[in-house]
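# Chain and residue survey
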Amino acid sequence: MSDLLERLRGRGWRMTSQRRVVAEVLDGDHVHLTADEVHARAAGRLPEISRATVYNTLGEMVALGEVIEVSTDGRAKRYDPNAHHAHQHLVCSRCGTIRDVHPTGAPLADLPPEERFGFTVSAFEVTYRGVCPSCA
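## Overview of the overall build of the protein
Looking only at helices and strands, one finds four helices and six strands in the protein. Reading the protein from its N terminus to its C terminus gives the helix and strand order α-α-β-α-α-β-β-β-β-β. Its C-alpha atoms give the protein principal-axis dimensions of roughly 55 × 40 × 25 Å. Sequence separation of 24 or more characterises 48% of the internal contacts of the protein that already satisfy a separation of 6 or more.

## Some words on the nonpolar core
Ranked by internal contacts, the top residues of the largest apolar core, which has 21 residues, are V22, L26, V38, I49, L58 and M61. Those elements that place two or more of their residues in this core are α1 (3-10), α2 (17-26), α3 (35-45) and α4 (51-64).

## Observations concerning the pairing of strand β4 (residues 88-92)
Most of β4 sits inside the fold, with four of its five residues counted as buried. Linking two consecutive strands that pair antiparallel, namely β4 and strand β5 (residues 98-101), is a turn of five residues; a positive phi of about 85 degrees is found at G96 within it. Of the pairings in the sheet, the one linking β4 to strand β6 (residues 127-130) comprises four bridges and is parallel in character. Of the residues in β6, the one forming a bridge with L90 is Y128.

## Remarks on α2
An α-helix turns once every 3.6 residues. As a result, residues three or four positions apart point the same way. Regarding α2, the residues found buried are R19, V21, V22, A23, V25 and L26. Its buried side turned inward, α2 meets α1, β1 (33-34), α3, α4 and β3 (78-80). Two residues or fewer after α2 comes G28, characterised by a positive phi angle close to 135 degrees.

## Quick word on the environment of H84
Within the secondary structure, H84 is located in the loop between β3 and β4. Owing to a relative accessible area of 46%, H84 belongs among the partly exposed residues under this scheme. When the C-alpha positions of H84 and G28 are compared, they lie 13 Å apart, and in sequence the two are 56 residues distant. Among the polar contacts listed, one links the side chain of H84 to the side chain of E66, at a separation of 2.8 Å.

## A few points about the pattern of salt bridges
Counting across every chain of the model gives nine salt bridges. Close ionic contact of D3 with R7 constitutes a salt bridge, the shortest N to O distance being 2.7 Å. Here D3 pairs with R7, and both are found in helix α1, just four residues apart, close to one helical turn. Residues joined in a network through salt bridges with shared partners are D3, R7, R11 and E66.

## Details of the sheet that holds β5
The strand order across the open sheet built from three strands is β5-β4-β6, with neighbouring strands paired in mixed fashion. In this open sheet, the two edge strands, each paired with only one partner strand, are β5 and β6. With strand direction ignored, the average angle separating the axes of adjacent strands in the sheet is 25 degrees.

Parameters and conventions
Residues numbered from 1 in each chain as written. Predicted model: local features only at pLDDT ≥ 70, side-chain atom pairs only at ≥ 80, totals over all residues. Heavy atoms only, no water. Helix = DSSP H or I, 4+ residues; strand = E, 2+ residues; numbered from the N terminus. Contact = heavy atoms within 4.5 Å. Core = buried A, V, L, I, M, F, W, Y, C linked by side-chain atoms within 4.5 Å. Buried < 20%, exposed > 50% of the residue type's maximum accessible area, 1.4 Å probe, protein only. Pairing = 2+ DSSP bridges. Polar contact = N/O pair within 3.5 Å; in protein donor to acceptor, adjacent residues only side chain to side chain. Salt bridge = Lys/Arg side-chain N within 4 Å of Asp/Glu carboxyl O. Axes fitted to C-alpha atoms, helices over the stretch in contact; angles between N-to-C directions.

Laid out in structure tokens, this is it:
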């Protein structure tokens, strides 16, 4: 069973065939699919699955905190199942490919106290941009 499926079952999430196939499509490293890509792959496994079901299922997974919604440069939102492992994203500025990266060091440490303006920082996002080998 996939890590995402195990996490969802552990939360008591009712596992219908449609929800299961969406979770299976999302499972894996460096997965950052759009809702339409999830639907196309899910429909390959379960032809009767509707686009609305996929969108609703993704929304529920995000609300549960089991999937992260990633937005980059006004492109379609992508869904990242790597919600429980701290990581950042490396994005190709040409094709939009997204890869998970795990930089060493603490990016928050680079934010001097005077630049925090009294905020108590609870989270941060860092996105690295460049051109992937396929686009170079």
